[in-house]
Amino acid sequence: MLARTQFGLEDVLEKELQMLGAMHIKKGNRSVQFVGDLGFLYKANLNLSTAINILKPIKQFKIESVDDLYHQVYDLAWEKIIGENQSIVIHSSVFSDLFNHTQFAVFKTKDAIVDRMRNKTGNRPDVDTKTADIHIHIHIDRKFCSLSLDSSGDPLFKRGYKTDTNIAPINEVLAAGMLKLSGWDGKTNFMDPMCGSGTLLIEAAMMACNIPPNINRKKFAFMQWKDWDQDLYNTIVDSVMKKVRDFPFKIMGYDKAPSAVMKAIENVANANLDEFIDIEIKDFFNSKKEVQGPLHMVSNPPYGERLEINIPEFYGKVGDTLKQHYPGTQAWMIVGNLEAIKNVGLKPSRKIKLYNGPIEARLVKYDIYEGSRR
């Protein structure tokens, strides 16, 4: 199988797979290969916080022409994979001179599948880009092709708890990756001082309590497969839920926008995490550390892309607030404006390159010591 992820999260995903018990793990570019059985496929979809989707390869082959692609796809026994009256959707990633645009490869693949199904069963499957039953993925790298079934369907960052987002949301896979990279282990108090719709808070609480990140999803694409095993799935859900643990510390979120706080509270309630997360309307710049002992802080402050801010002034205030009011804090933030880091006025102890959507960003760490550093 192949778990796909975002740039910079490959190591984190590899570690997640090791912890789950995957076999023959091999890290790639924005992906990690592994081996497991059907039960492990279900387990991986439920448990992996940094995977976007999980593909099950069904055929690999070489092509010399566009017609080769059609014939190779046609030769697969699709009637054993796609049920009567089931709809399909084809996703693709194409890096090949044989195709002048990605959609051409998608059309050829679709034609081959539809022709095969019509000739073998008398029925042709509909293509449905929104609610398809069977998700097919074609990857073409020069002349090498890989056909896979996407077992996840909707991307796994659609966790099933979010009804609302704010103006500049962060996706759940990136949020989970940031938390893992920051070393968040659930053994201290946690804070997001600019929490928006609450994504980092919810992902942090799930990690701290060992709750499977995708437990709130109502459906995965594998539930439409011919080998779907409801009893096996229920057994796996029961076994992972037995590993849920309590969390004795505080998870706190601030945002100065009342609308964002309302959305965050609603999302936290949907994720059934109200007892672990406190959110209030507060401007971080007028706040101070309210808990004893170490504090783990992770945030996604505005970059000036979708929210208008004065970058030098804003990031200067971030640095001042941390220095003056947050002793004993490990503060991490993802910054999409690389010049902004210079305005914080603190020296980052780590910088990790990530992407937030198309924006190149850095996850930076600031160690705020109690008293003098000595």
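Up top is the structure these notes are about.
Here the residue index of a chain counts from 1 through its sequence in written order. The predicted nature of this model means local features are confined to residues of pLDDT at least 70 and side-chain atom pairs, given and counted, to a pLDDT of 80 or more, with totals for whole chains, interfaces and linings taken over all residues. Think of the side-chain values as coming from all heavy atoms in the structure, minus any hydrogens and water.

## Observations regarding helix 3 (residues 66-74)
Inspection of helix 3 places Val66, Leu69, Tyr70 and Val73 among the buried residues, and these make up the whole buried set. An end-on view of helix 3 places all buried positions within 100° of arc, on one side of the element. Contacts are residue-level and defined by heavy atoms, with any inter-residue pair within 4.5 Å sufficient. Secondary structure elements are defined from DSSP: runs of H or I of at least 4 residues count as helices, runs of E of at least 2 residues count as strands, and each element is numbered from the N terminus. Contacts from the buried residues of helix 3 go to strand 4 (53-62), helix 4 (102-121), strand 6 (134-141) and strand 7 (144-150). Three labels apply to residues, based on accessible area from a 1.4 Å probe with only protein chains included: buried if under 20% of the type maximum, exposed if over 50%, partly exposed otherwise in between. Note that the arc is defined by the directions from the helix axis to the C-beta atoms.

## A look at the packing of helix 5 (residues 172-181) against helix 6 (residues 199-209)
For the pair helix 5 and helix 6, interaxial distance at closest approach is 9 Å and the crossing angle is 60°. Here helix 5 is positioned oblique relative to helix 6, judged by the angle of their axes. Between helix 5 and helix 6 the crossing geometry is right-handed. Here Glu172, Ala175, Ala176, Met178, Leu179 and Lys180 of helix 5 come into contact with helix 6, specifically with Thr199, Leu200, Glu203, Ala204 and Met207. Broken down by class, the residue content of the contact of helix 5 with helix 6 amounts to seven nonpolar, one polar and three charged. An axis is simply a line fitted to the C-alpha atoms; with a helix, the fit covers only the stretch in contact. Between two such axes, the angle follows the N-to-C directions and lies from 0 to 180 degrees. Our angle categories are set so that under 35 degrees counts as roughly parallel, over 145 as roughly antiparallel, 65 to 115 as roughly perpendicular, and the remainder as oblique. For any helix crossing, the convention is left-handed if the near helix is rotated counterclockwise from the far helix by under a right angle, and right-handed if that rotation is clockwise. Under the grouping applied here, Gly and all other residues not named as nonpolar or charged are polar, the nonpolar ones being Ala, Val, Leu, Ile, Met, Phe, Trp, Tyr, Cys and Pro and the charged ones Asp, Glu, Lys and Arg.

## Here we look at the sheet that holds strand 7
We treat two strands as partners when DSSP finds at least two bridges between them. Read from one edge to the other, the open sheet built from seven strands follows the order 2-3-1-4-7-6-5, with strand pairing classed as mixed. Bordering the open sheet on either side are strand 2 (23-27) and strand 5 (88-95), each of which pairs with just one other strand. Ignoring which end each strand starts from, the neighbouring axes of this sheet average 25° apart. Note that strand 4 and strand 7 share seven bridges and pair antiparallel.

## What about the pattern of salt bridges?
Salt bridges, as used here, are contacts in which a Lys or Arg side-chain nitrogen is within 4 Å of a carboxyl oxygen on Asp or Glu. Within this structure, the stated rule accounts for 15 salt bridges. For Asp11, the salt bridge is made with Lys27, and the minimal N-O distance between the two is 2.4 Å. Of this pair, Asp11 sits in helix 1 (residues 10-20) while Lys27 sits in strand 2, placing them 16 residues apart in sequence. Under the relative-accessibility criterion, Lys27 is labelled partly exposed at 40%. When the shortest N-O distance is used, the salt bridge between Asp111 and Lys110 registers 3.2 Å. On the basis of relative accessible area, Asp111 is assigned to the partly exposed category, the value being 31%.

## Comments concerning empty space enclosed by the protein
A 1.4 Å probe that fits into a set of points on a 1 Å grid over the protein atoms alone but cannot get out defines a cavity; an open set with protein on both sides within 12 Å along at least five of seven lines defines a pocket, and lining residues are those with an atom within 4 Å of a point. Grid points are joined across faces, edges and corners, and a volume is the space filled by probe spheres set on the points. One pass over the structure, following the stated rule, counts one cavity of 30 Å³ or more. The space that makes up the largest cavity amounts to roughly 40 Å³. In terms of lining, the largest cavity is formed by Pro193, Met194, Phe284, Met297, Ser299, Val318, Leu322, Ala331, Trp332 and Met333. Looking at the lining of the largest cavity, the elements that each hand over two or more residues are strand 11 (295-299), helix 9 (311-325) and strand 12 (329-335). Take the lining of the largest cavity: its biggest share by element is three residues, from strand 12.

## Considerations on the sheet that holds strand 10 (residues 277-281)
Read across the sheet, seven strands follow the order 10-9-8-11-12-14-13 without closing on themselves; strand pairing throughout is mixed. A strand with exactly one partner marks an edge of an open sheet, and here the two such strands are strand 10 and strand 13 (350-356). Shown here is a sheet whose adjacent strand axes are inclined to one another by a mean of 20°, direction ignored. Where strand 11 and strand 12 come together, five bridges link them in parallel fashion. Paired with Leu295 across the bridge in strand 12 is Thr329. Sheet contacts for helix 5: strand 8 (189-192), strand 11, strand 12, strand 13 and strand 14 (359-368); angle to strand 13, the most-contacted strand, approximately 170°.

## Observations regarding the pairing of strand 12
Counting buried residues in strand 12 gives six out of seven residues, a clear majority hidden from the surface. Here strand 12 pairs with strand 14 via seven bridges, running antiparallel. Bridge pairing links Thr329 to Ile368 in strand 14.

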